[in-house]
Amino acid sequence: MATPVTVTVTVPASLLHLSTFNQRMFDFNKVIGFYGRPWSMEQRKVLFKWMQRWGLNVYMYGPKDDLKHRLLWRETYSVEESAQLSALVSTARECGVEFVYAISPGQDIAFSSSCDLALLKQKLRQVKGFGCWAFAILFDDIDHTMCPADKEVFSSFAHAQVSVANETYRYLGEPPVFLFCPTEYCGSLCYPSLKASNYLKVIGADLHPGIGVIWTGSTVISKEISVESVADVQEVVKRRPLIWDNLHANDYAQRRVFLGPYRGRPASLVSKLQGVLLNPNCELEANYVPIHTLGTWHKCGVRAAASRALDTDDGAENDQTYCPKEALKVALADWVKEVNRPLNPSRQQLKEERGPWPEIGLSEEVALNGKVKTGVGKPGDPRTRGSTSKAGGTAPLSNPEAAEGPEVDGKSLHPAMISGQEPEGARGPGTRSVPDKGGVGTSRARGGTAGPGKAAEEEIRTARVGGVAGRSLNLSPAHLCLMVDLFHLPYQHGDGTASKLRQFQWLKTNAHYVGSNTKIDGPKAEEWRTLAHSFQLWCDEIVQLYQHFMRSPNRAIVYDLYPYLWDIRNTLLVVKAFVMWLDGRIEKSTYSFHSWMHCFQWCRTNSAGHVSATEGEPWIYRGGLVGEFQMMLPITSSSELFNQPPPIFPTVKAYSVRPFEQRDKRALYSMCTESLICTLREKGHENCHPDLIGDRFLGRFLTLSPGYCFVLEDEHGVCGCVSGALDVKAFLKGTEATWLPAMQEKYARPTPHGILTTTQELTMYFYRKSPSFSDSLLYHFPSLMQMDVHPKMADPSEAWNLVICALSALKANGSQGLFCELNTSDKKGLEFHLRLGFLELPGVEPSTPQGLILGRLL
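Computed from a prediction, not measured in an experiment: that's the story for all the values here.

### Regarding the nonpolar core
Thought 1: Core analysis: the biggest nonpolar cluster contains 173 residues, and F99, Y101, W335, F549 and F629 have the highest contact counts within it.
Thought 2: No other element matches helix α14 (residues 555-582), which puts 16 residues into this core.
Thought 3: Each residue touching F629, except ones within four places of it in the same chain, is listed here: K500, L501, F504, F535, W538, I568, T571, L572 and V575.
Thought 4: One finds V728, W739, F773 and L841 within the second-largest nonpolar core, a separate group that totals 36 residues.

Written as structure tokens, this is what we have:
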């Protein structure tokens, strides 16, 4: 049963609520539904076993992918659906878990309609026939307006809901568990306030005393829930509330997942509540630590209540029996065994034969010790409590001391990881142009972004997640500790991650210490570079975590968490490259109070308290950790740049992005030559000057504007480049004055005999007049960009990262817009740039008849 459990004294049971697959993205008052992959029966069985192991005893069923739970609530289940639901009820019972069936009729029910009430009873009677004896009726997230017929019968919305709930409760024989979710289910939704809410007063006075009332806290996603706040709710609703806890729910934030421990609720709450429903992450595998630590919290609360009952002289309530960091330590020690089991995505055991894996080396792990600074919290994103899961349990922790960090085998684990050899990777897109016609800024994403060629498809097949190339690698407690630190809680990052956010903010704010016009070897510059080096190492650790994670034998956890790790890994590749670029390249004269370096005062990392006087819901701040790093880049307002989905077939290929160095020139020139051959599918360049193709397409950028060039590397070397020029006018003057004369001295003017060969056409480029652009164009788009990526790359996101780096660098030094020139026949290149936010600039004359000018404001 899910009602009170007796342990020396009567203590409420902890409840686990599972809303399987709903994900929602909120935009202020507008809700856009997004539905994730449904949990399989096998995954639900795993959940029930977790609950049984950790002492949790109730599962609430209310998934949004079951249309007959909410939208089609009047319809009964088919024979096939009935069999599946009946099996789920039986499986829960076998694990000692009470199955609670939830129904949400509030969107369109006519409360005064005898027909609707009869259909509701019929539906619940059918479910009761499956062996279910616990129910919930939910009136959350609906309009308060009643239809005209209801207004004639009921004096208020609350009276209408209470009437339906009471009659249904009695019809079902007053089951031991019957829950009611009010429309005003948290303090922020109460009108005008909790204690003055007429709606809740009616609920408290008229709702049958055997029906439990659901409450989420002061807000939909409550950072903390205090004993005092629960007492206030109890006073209004005339019963102990049941907490529906959305602390770990991520159905409102598609880019966030919460792996942190259960916290912000004193263990003494256990004796004040009817129970706790933990609304989990949409991904089953992400819920191990949240559910595990909920069980620990509950057991600690039960023991504390029992201790107080036996020893009334014990004094104040002993909330210190539950320590989130200690609970996390225990959970990680158990989780590491779970994540290293060889499982496929549906959680079925993999066969022993896992194929002959090529050996790919990774360095040994290093657990870094030391004190961790207190994390800085901030809200994240939206709400909705669709329906999800809850669980608990392991032995309670007796140590009240808060640890410096999770410990495994007696060693304190800082959320830091490994450095070492990076594994293999894949190649991504670009744009290309006809070599003999390109003008200024001709962008050549070689191979394009739309689809890989045969070689790229082969790379994808050998590196996809179902059978990742390379030997399987187990995850260690240090890996899991770092993941929990990265993906912690809605209002709080892990201590190590919060520290790195502050480091990045300090580095960009104080970039003038290493500016282009600053003394190179001053003490401030040394301090800046020391911190920058530390930050770059941390970025490398996250990339290494991603590489290691993708080789885990547990494909279930890989499939569930891969998008989140891919997102942070991708973001940190850009952030690291930008920090490297800051060293010696910021032009101090371009600062102003309104420049990019001064536009982050609102960021939660330092000053969330200045945004509003009260704590908002976490969906006020979009994107979580990834969003915070992106918002601290100069191109903060360019949301379309960061809306790139992860590759359909995840790879373990290792990439890095960094500023161009002169030693890269030879490799880039070779890449240009390979790209031209692949693009034109012709040979005959063997006898031409080895620098010709590189000089034609990259030479002027690498010579006149190297500070705005970035290179992309994989394990084989350089495979992409983005080039930029901050001031096109100065760039074109330099081209005419110095670069073209040098090229004309290097390459003799060809003597044509009929049609020019490709080599002659490339050489003639140095003897043609440079194109000119109108002042009106350069006023709004003063900068220039060109992208060159190897045609064999299969992952467009890597080329995307290159562009973000270039745009950040140009914006940091004052550019307000840039343009590039593509060939009209380059469909893939055009598509790629349009997705990046570039638009065709009408009325601008390109340098060639086949050219097209695209521009983008920064």
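Still to come is the rest of the account.
### Considerations on the packing of aromatic side chains
Thought 1: Scanning the model with the defined rule gives 31 aromatic pairs in all.
Thought 2: Ring plane angle 55 degrees and centroid distance 6.5 Å describe the contact between Y77 and F130, whose orientation is recorded as tilted. One end of the pair, Y77, is in the loop between β6 (58-61) and α2 (79-94); the other, F130, is in the loop between α3 (114-128) and β8 (134-138), and 53 residues separate them in sequence. You'll find Y77 and F130 in the same group, each marked buried.
Thought 3: Through a chain of ring-to-ring contacts, the aromatic side chains of F48, Y59, Y61, Y77, F99, Y101 and F130 assemble into a single cluster.
Thought 4: Directly above the ring of Y77 sits K123, whose terminal nitrogen or CZ lies 5.0 Å from the centroid.
Thought 5: Between the NZ or CZ atom of R696 and the centre of the ring of Y765, over which it lies, the distance is 3.9 Å.

### Describing the pattern of salt bridges
It is possible for side chains bearing opposite charge to pair when their charged atoms get close.
Thought 1: Throughout the structure, instances matching the rule amount to 25 salt bridges.
Thought 2: A salt bridge links E338 to R341, with the nearest nitrogen and oxygen atoms 3.3 Å apart.
Thought 3: Its relative accessible area of 9% is what places E338 among the buried residues.
Thought 4: Residue R341 is classed as partly exposed on the basis of its relative accessible area, which comes to 33%.
Thought 5: R658 is the salt-bridge partner of D664, the closest N and O atoms lying 2.6 Å from each other. Summarising the burial analysis for this pair, D664 and R658 share the class buried.
Thought 6: A cluster of three or more residues bridged by salt bridges with shared partners is formed by R658, E661, R663, D664 and E713.

What counts, and where the lines are drawn
- Residues numbered from 1 in each chain as written.
- Predicted model: local features only at pLDDT ≥ 70, side-chain atom pairs only at ≥ 80, totals over all residues.
- Heavy atoms only, no water.
- Core = buried A, V, L, I, M, F, W, Y, C linked by side-chain atoms within 4.5 Å.
- Buried < 20%, exposed > 50% of the residue type's maximum accessible area, 1.4 Å probe, protein only.
- Helix = DSSP H or I, 4+ residues; strand = E, 2+ residues; numbered from the N terminus.
- Contact = heavy atoms within 4.5 Å.
- Phe/Tyr/Trp six-rings, centres within 6.5 Å; stacked < 30°, edge-to-face > 60°.
- Lys NZ or Arg CZ within 6 Å of the ring centre and 35° of its normal.
- Salt bridge = Lys/Arg side-chain N within 4 Å of Asp/Glu carboxyl O.

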